[in-house]
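Letter by letter, the chains look like this.
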Amino acid sequence: MGLIIRILISAVAVYVASLFIPGISVSGGASTYLVIAIVLGLLNAFVKPILTILTIPITILTLGLFLIVINVLMVYLAAYLVPGFSVSGFIAALLFSIVVSLVTSLIDAIV
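Residues numbered from 1 in each chain as written. Predicted model: local features only at pLDDT ≥ 70, side-chain atom pairs only at ≥ 80, totals over all residues. Heavy atoms only, no water.

A. The packing of aromatic side chains, seen in detail. All told, the structure shown has two aromatic pairs when counted by the stated rule. Both rings, one in Tyr15 and one in Tyr33, keep their centres 5.4 Å apart while their planes meet at 85°; by these two values the pair is edge-to-face. Here Tyr15, found in helix H1 (residues 2-20), pairs with Tyr33, found in helix H2 (residues 30-54); they are 18 residues apart in sequence, far enough to count as distant. Ring geometry for Phe85 against Phe96: centres 5.5 Å apart, planes inclined by 45°, an arrangement best described as tilted. Of this pair, Phe85 sits in strand S2 (residues 85-87) while Phe96 is found in helix H5 (residues 90-110), placing the two residues 11 residues apart along the sequence. By relative accessible area, Phe85 is classed as buried at 3%. Judged by its relative accessible area of 1%, Phe96 is buried. (Phe/Tyr/Trp six-rings, centres within 6.5 Å; stacked < 30°, edge-to-face > 60°. Helix = DSSP H or I, 4+ residues; strand = E, 2+ residues; numbered from the N terminus. Buried < 20%, exposed > 50% of the residue type's maximum accessible area, 1.4 Å probe, protein only.)

Structure below.
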């Protein structure tokens, strides 16, 4: 039951981010937001740790700032995998990842 609630919270976060960030477009209904939330969750669970380990030297050189680039890559990969979800640029993907993180943590704190 907790997993379903977390997916719904992430879908709401994706919806909120798509409302406020001009470079993000989602075409489709609520099912598209759910698919985006599931894909982002799977990418963050399986692909992101591998990329983080592979990029340890550059992450150390940049004092951890390269992790932001990895977050943006996860958003781009999700946009590539999910039809109806598009990201127009690096800044839009960066803002999207920040807003989704903030909204998810805010809703988690309330629920």
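Moving on, there is more to tell.
B. Spatial organisation of the pattern of salt bridges. Here the structure, examined in full by the defined rule, presents one salt bridge. Linking Asp108 and Arg6 is a salt bridge whose minimum nitrogen-to-oxygen distance equals 2.6 Å. Of the two residues, Asp108 is situated in helix H5 and Arg6 in helix H1; the sequence distance between them amounts to 102 residues. (Salt bridge = Lys/Arg side-chain N within 4 Å of Asp/Glu carboxyl O.)

C. Representation of H2 within the structure. The end-to-end C-alpha separation of H2 is 35 Å, in line with the 36 Å expected for 25 residues at 1.5 Å each. Approximately 40° is the largest bend angle found in H2, and it occurs at Val47, with the proline Pro49 only one to four residues beyond. Looking at H2, one finds that the buried residues are Thr32, Tyr33, Ile36, Ala37, Val39, Leu40 and Leu43. (Expected span 1.5 Å × (residues − 1). Bend = angle between axes of the 7 residues up to and from the residue.)

D. Summary view of the nonpolar core. Counting 27 residues, the largest nonpolar core has Val14, Ile24, Ile36, Phe85, Val87 and Phe96 as the members making the most contacts within it. For this core, the elements supplying multiple residues, two or more each, are H1, strand S1 (24-26), H2, helix H4 (66-81), S2 and H5. Apart from residues no more than four positions distant in its own chain, Phe96 is found in contact with Val14, Ala17, Ile21, Ile24, Leu40, Val75 and Phe85. (Core = buried A, V, L, I, M, F, W, Y, C linked by side-chain atoms within 4.5 Å. Contact = heavy atoms within 4.5 Å.)

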